[in-house]
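# Structural description and commentary
The chain contents come next:
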Amino acid sequence: MTREETAELIKVMQAFVDGKTIEWLAKNKMNCGIATDPVWNWVETAYRIKPEPTLVPWSKPEDVPMNCWVCCK
């Protein structure tokens, strides 16, 4: 494991200590979920900080994806 990989794992663990939501993915079983009490088994499980949702404003009709419903008030 490189120093950069170790630094990334430390960021995830520090985020857990700071109260952020951590997601996990089992590498062999394809199971996933929210880590409420992680074991930190980095060999069999991948962990990440849950991404924050971003707001994408639709300022013009062309910005709205074709398969979305639009409600006008």
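Presented here is a report on the structure given in the accompanying data block. (Residues numbered from 1 in each chain as written. Predicted model: local features only at pLDDT ≥ 70, side-chain atom pairs only at ≥ 80, totals over all residues. Heavy atoms only, no water.)

### Thoughts on the pattern of salt bridges
We count it as follows: In the sections that follow, a salt bridge refers to a side-chain nitrogen of Lys or Arg positioned within 4 Å of a carboxyl oxygen of Asp or Glu. Going along the chain from the N terminus, every DSSP run of H or I of four or more residues is numbered as a helix, and every run of E of two or more is numbered as a strand. Each residue gets one of three labels from its accessible area relative to the maximum for its type: buried under 20%, exposed over 50%, partly exposed in between, using a 1.4 Å probe on protein chains only.
Evaluation of the coordinates by the stated rule reveals two salt bridges. Notably, a salt bridge pairs glutamate 8 with lysine 11, separated by 4.0 Å at the nearest N-O pair. Remark: lysine 11 and glutamate 8 occur in helix α1 (residues 3-17); sequence separation between them is three residues, near one turn of the helix. In this structure, glutamate 23 and arginine 48 form a salt bridge, with 2.6 Å as the shortest nitrogen-oxygen distance. Highlighted residues: glutamate 23 in strand β1 (residues 22-26) and arginine 48 in strand β3 (residues 45-49), separated in sequence by 25 residues. Under the relative-accessibility criterion, glutamate 23 is labelled buried at 17%.

### As for the environment of asparagine 28
Assignment of secondary structure puts asparagine 28 in the loop between β1 and β2 (32-34). Classification of asparagine 28 by relative accessible area gives exposed; the value is 70%. Along the chain, asparagine 28 and threonine 45 lie 17 residues apart, while their C-alpha atoms are 8.3 Å from each other.

### Quick word on the nonpolar core
This is how the line gets drawn: In plain words, nonpolar cores are sets of buried Ala, Val, Leu, Ile, Met, Phe, Trp, Tyr and Cys residues tied together by side-chain atoms within 4.5 Å. What makes two residues a contact is simply this: any of their non-hydrogen atoms within 4.5 Å.
In terms of nonpolar packing, the biggest core is built from six residues, these being Val12, Ala15, Ile22, Ala35, Trp40 and Tyr47. Excluding residues that lie within four positions of it along the chain, alanine 35 makes contacts with Phe16, Ile22 and Trp24.

### Quick notes on α1
Selection rule: For a helix, the expected span equals 1.5 Å multiplied by the residue count minus one. This arc is built from the directions going out from the helix axis to the C-beta atoms.
Taking 1.5 Å per residue, 15 residues should reach 21 Å; α1 reaches 21 Å between its end C-alpha atoms and fits that length. By the burial criterion, the buried members of α1 are Leu9, Val12 and Ala15. Seen from one end, α1 has its buried residues packed into an arc of 120 degrees, which puts them on one side. In α1, those exposed residues whose orientation departs by more than 90 degrees from the buried face are Arg3, Lys11 and Val17. Once α1 finishes, glycine 19 follows within two positions and takes phi at roughly 95 degrees, a positive value.

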